[in-house]
Amino acid sequence: MAAPKKAEPTKESQYRWEGKDKTGKAVKGEMRAAGEALVAVQLRRQGIKVSRVTKVRSRAKAITEKDVALFTRQLATMLRSGVPLLQAFDIVAKGHGNPQVARMLLDIKNEVETGSSLQQAFRKFPLYFDDLYCNLIGAGESAGILDTVLERLATHKEKILALKGKIKSALFYPTAIIAVAFIITAIIMIFVIPAFKELFSSFGADLPTPTLIVMAISDVFVAYWWLIFGVLGGSIYAFMRAWKRDIRVQHFMDRLMLRAPVFGPLIRKATIARWTRTLSTIFAAGVPLVEAFSSVAGAAGNVVYLEATKKIQREVMSGTSLTVAMQNAEVFPSMVLQMVAIGEEAGSLDAMLSKVADFYEQEVDDAVAGLSSLMEPLIMVVLGTLIGGLVVAMYMPIFKMGQVV
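In this text the structure is predicted, and so the values were computed from the model without any measurement.

### Structural notes on the overall build of the chain
Thought 1: When helices and strands are counted, the chain shows 15 helices and 3 strands.
Thought 2: The C-alpha radius of gyration computed for the chain amounts to 30 Å, which surpasses the reference 22 Å derived for 405 residues by more than 25%, pointing to a less compact arrangement than a globule.
Thought 3: Taking the principal axes of its C-alpha atoms as reference, the chain extends roughly 100 × 70 × 45 Å.
Thought 4: The contacts in the chain between residues at least 6 apart in sequence include a share of 59% that link residues at least 24 apart.
Thought 5: Element-wise, carbon and sulfur atoms account for 61% of the exposed surface of the chain, whose accessible area totals about 23,300 Å².
Thought 6: Between the centroid of the 47 positive side chains of the chain and the centroid of its 36 negative side chains there is a distance of 8 Å.

### Overview of the packing of aromatic side chains
Thought 1: What the rule picks out here adds up to 14 aromatic pairs.
Thought 2: A centroid spacing of 5.6 Å and a plane angle of 50° characterise the contact between Phe239 and Trp243, whose relative ring orientation is tilted. Here Phe239 and its partner Trp243 are both found in helix α8 (residues 209–245), 4 residues apart, which amounts to about one turn of the helix.
Thought 3: A relative accessible area of 35% means that Phe239 is categorised as partly exposed.
Thought 4: Taking relative accessible area as the criterion, Trp243 reaches 24% and is therefore assigned partly exposed.
Thought 5: Ring pairing ties together the aromatic residues Phe71, Phe89, Phe122, Phe129 and Tyr133, which thus form one cluster.

### Comments concerning the nonpolar core
Thought 1: Core analysis: the biggest nonpolar cluster contains 77 residues, and Ile108, Phe122, Phe129 and Ile312 have the highest contact counts within it.
Thought 2: The element best represented in this core is helix α15 (residues 349–404), accounting for 9 residues.
Thought 3: Ile188, Val214, Met215 and Met394 belong to the second-largest nonpolar core, a separate cluster that totals 14 residues.

### Focus on helix α6 (residues 131–143)
Thought 1: Here α6 spans 18 Å end to end across 13 residues, near enough to the 18 Å set by a 1.5 Å rise per residue.
Thought 2: Among the residues of α6, Leu132, Tyr133, Cys134, Leu136, Ile137, Gly138, Ala139 and Gly140 are the ones counted as buried.
Thought 3: For α6, the secondary structure elements touched by its buried residues are α2 (65–80), α5 (118–123), α7 (146–200), α10 (264–284) and α11 (289–299).
Thought 4: Structurally, the start of α6 carries an N-cap: the backbone nitrogen of Tyr133 is 2.9 Å from a side-chain oxygen of Asp130.
Thought 5: Just downstream of α6, Gly144 is the residue with a positive phi angle, here 75°.

### Some points on the environment of Ala69
Thought 1: Counting through the fold element by element, Ala69 comes out in helix α2.
Thought 2: Each C-alpha atom, one on Ala69 and one on Ser354, is 19 Å from the other, the two residues being 285 residues apart in sequence.
Thought 3: If sequence neighbours within four positions are ignored, Ala69 has contacts with Ala154, Lys157 and Leu161.

### A short note on the environment of Phe71
Thought 1: Considering the arrangement of structural elements, one finds Phe71 in helix α2.
Thought 2: On the basis of relative accessibility, which here comes to 1%, the residue Phe71 falls in the buried class.
Thought 3: Along the backbone, Phe71 and Ser280 are 209 residues apart, and their C-alpha atoms lie at a distance of 21 Å.
Thought 4: Not counting residues within four places of it along the chain, the set of residues in contact with Phe71 comprises Phe89, Val92, Leu105, Phe122, Phe129 and Tyr133.

### Examining the pattern of salt bridges
Thought 1: Counted by the stated rule, this structure contains 11 salt bridges.
Thought 2: Arg80 is the salt-bridge partner of Asp147, the closest N and O atoms lying 3.5 Å from each other. Note that Asp147 is positioned in helix α7 and Arg80 in helix α2, a separation of 67 residues in sequence.
Thought 3: Among the salt bridges present, the one from Arg255 reaches Glu307, with a minimum N-O distance of 3.0 Å. With Arg255 in helix α9 (residues 247–259) and Glu307 in helix α12 (residues 303–317), this pair connects stretches of sequence that are 52 residues apart.
Thought 4: One continuous salt-bridge network, built from bridges that share partners, spans Lys159, Arg277, Asp358 and Glu361.

### Describing the side chain of Gln313
Thought 1: Position of Gln313 among the secondary structure elements: in helix α12.
Thought 2: Accessibility expressed as a relative area gives 16% for Gln313, which makes it buried.
Thought 3: The contact partners of Gln313, leaving out residues within four places of it in the chain, are Val290, Phe293 and Ser294.

### A word on unusual backbone geometry
Thought 1: Phi is positive for Glu330, which is not a glycine, with a value near 60°.
Thought 2: Looking at the element boundaries, Glu330 is found in the loop between α13 (322–329) and α14 (334–346).

### A closer look at the packing of α6 against α7
Thought 1: At a minimum axis distance of 8 Å, the contact between α6 and α7 shows a crossing angle of 155°. Between α6 and α7, the angle falls in the class roughly antiparallel. Note that α6 runs across α7; the crossing there is right-handed. Across the interface between the two elements, Leu132, Tyr133, Leu136, Ile137, Gly140 and Glu141 from α6 touch Leu146, Val149, Leu150, Leu153, His156 and Lys157 from α7.

### Some words on the confidence of the model for the chain
Thought 1: When pLDDT is averaged along the chain, the result is 82, and 93% of the positions lie at 70 or above.
Thought 2: The lowest-confidence element of the chain is strand β2 (residues 26–33), averaging 74 in pLDDT; the highest-confidence one is α13, averaging 91.
Thought 3: Contacts for the low-pLDDT stretch residues 1–9, under 50 throughout, to residues beyond four places or in other chains number 3 contacts.

Here is what the cut-offs are and how they apply
- Residue positions are given per chain, counting from 1 as you read along its sequence in written order.
- Given that the model is predicted, a residue must reach a pLDDT of at least 70 before its local features are reported, and side-chain atom pairs must reach 80 or more before they are shown or counted; all residues, however, enter totals for whole chains, interfaces and linings.
- Remark: hydrogens and water are excluded; side-chain values derive from all non-hydrogen atoms of the structure.
- The secondary structure listing takes helices from DSSP runs of H or I that are at least 4 residues long and strands from runs of E that are at least 2 residues long, numbered from the N terminus.
- The atom set for the radius of gyration is the C-alpha atoms, and the globule formula is 2.2 Å times the number of residues raised to the power 0.38.
- When checking whether two residues touch, look at their non-hydrogen atoms; a contact exists if any pair is within 4.5 Å.
- For the area figures, the Shrake-Rupley method with a 1.4 Å probe applies, and any residue is considered shielded solely by the protein chains shown.
- Think of it this way: Lys and Arg go in the positive column, Asp and Glu in the negative one, and His and the chain ends go nowhere.
- By convention, the point assigned to a charge is CZ for Arg, NZ for Lys, CD for Glu and CG for Asp.
- Think of it this way: a Phe, Tyr or Trp ring, Trp meaning its six-membered ring, pairs with another when their centres are within 6.5 Å, and the plane angle makes it stacked under 30 degrees, edge-to-face over 60, tilted otherwise.
- The buried label goes to any residue with under 20% of its type's maximum accessible area, the exposed label to any with over 50%, and the partly exposed label to all in between, with areas taken from a 1.4 Å probe on protein chains only.
- Here, nonpolar core refers to any group of buried Ala, Val, Leu, Ile, Met, Phe, Trp, Tyr and Cys residues whose side-chain atoms link them within 4.5 Å.
- A helix is expected to reach a length of 1.5 Å times the quantity of its residues less one.
- Identification of polar contacts relies on pairs of N or O atoms within 3.5 Å, with a donor-acceptor requirement for protein atoms, meaning one able to donate a hydrogen and the other able to accept it, and with residues adjacent in sequence counted only if both atoms are side-chain atoms.
- Salt bridge criterion: a side-chain nitrogen from Lys or Arg within 4 Å of a carboxyl oxygen from Asp or Glu.
- Working convention: axes come from line fits to C-alpha atoms, limited for helices to the stretch in contact. Angles between N-to-C directions cover 0 to 180 degrees.
- Here the angle decides the label: under 35 degrees means roughly parallel, over 145 means roughly antiparallel, 65 to 115 means roughly perpendicular, and every other value means oblique.
- Each crossing gets its hand from how the near helix is turned against the far one by less than a right angle, where anticlockwise is left-handed and clockwise is right-handed.
- Every residue is assigned a pLDDT by the predictor, reflecting its confidence on a scale from 0 to 100.

Take a look at the structure:
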C-alpha cells in the first residue's frame, strides 16, 4: 500500500478589506488568508458586512539579520508569557511588516505542525538561520528551556548587529569622503581647468610648473574620463566580487585588515567581542565546549580567528585546558586569557566570556568615537590640501602677471 501523500501547506496572502459592522459603521483593515472567499467568511463570522476585498501586492523585500533578531526577541517574549509555540508563530507572522518574513515564519509553523522539530524546521532556511542558531534551538528543545535559549539568542544577535553597525559606520565615513573628493576633483579637472587653460593661452608667457602639471592631468581626464571611471568602477566591482567569492582574497584581506595601522586594532577588538559573545551564548545554553567551537569558528568573521578556533578545538579535544589552548593560538590579549582562566577555575566560563565581550564592545564604542574625532581633522587637511593645491596651481599665473604689472 502506498503511503499517503503529505498535504501541501496552504499558501496565504495579505488582503485589504472594507465593509460595515453591526451598527452600520464603515470599517476596514487587513487580513492574511488563503483567498478572498475565506476573508469574507471570517469577517461575516465577526458580524462585518464585506463590501470590498483586494489582494495586497507586496514588494519583494529581503529578509535581513535585523528581521531575524526582532523575530527571535518577539518569539522569546511570547513563550516566556505562556503563549503556545504555534500560536506565537502565527501572531508574529501576521503582525510582521515584511511579507517575506511572514511567509517564512508560516512555512516554519507548517513544518512544526506536520511533525518536524523546531530545529529541523529552522534548518530548512540556512540562508537566515546558521548552525549556531539551529544548534542552540536544538539544545533548548532537548532541555525544555526554549524560551531561555531564544532570549539568549536574541540578545546575542542584537549585540552582534550593534557591533557590525559600529564597524560599518567607522569605515563608511572615510570611504564616503574619499569618493566625494574624487568626484569633486574629476569635475574640476574636466570642466573648470579647461576654462583656465583657454584663458592662459592668451597670456603669451611661460606658465609655472605646478600649473602645467595640473593642466596635463586635466587633459588626460578630458580625453579619457570614460576610461578612468570605467576602469575604476570595474576594478572596485571585480575586487568586491573576488573578496566575496575567492577564499584566497578573503584570507589576504582578513589578515591585512588586522594589520591596518588605524582600523586594525578596531577590527581586532570587534572580532574578539564577537568570538567571546558567541562562545558564551553557546556554552550557557548547555552545548559541550568542543562542539561549541564548530559554531564559534563560523561566527568569528575573520579567517585568522577561524583558523585559531579550529586549532583551539583540536587542542581541547586532546585534553588541553581552554586557557592554554587559547594562549597557544597567539591571537588573544593577556586580559582575555586571564579572564578565561578565572572562569575555568571558578566554573563560570560563560559569565566570564560574557564580561570579556562586554568589555571589548565598550572598547569598540570608545575606538569608534576616537576614530571619528581623529578622522575629521585629518580628512579636512587632505581635502584642503588637494582642492587648495589645485586652486593655487591655477591662480599662480594670475598672481605672477599681477606682480609683473
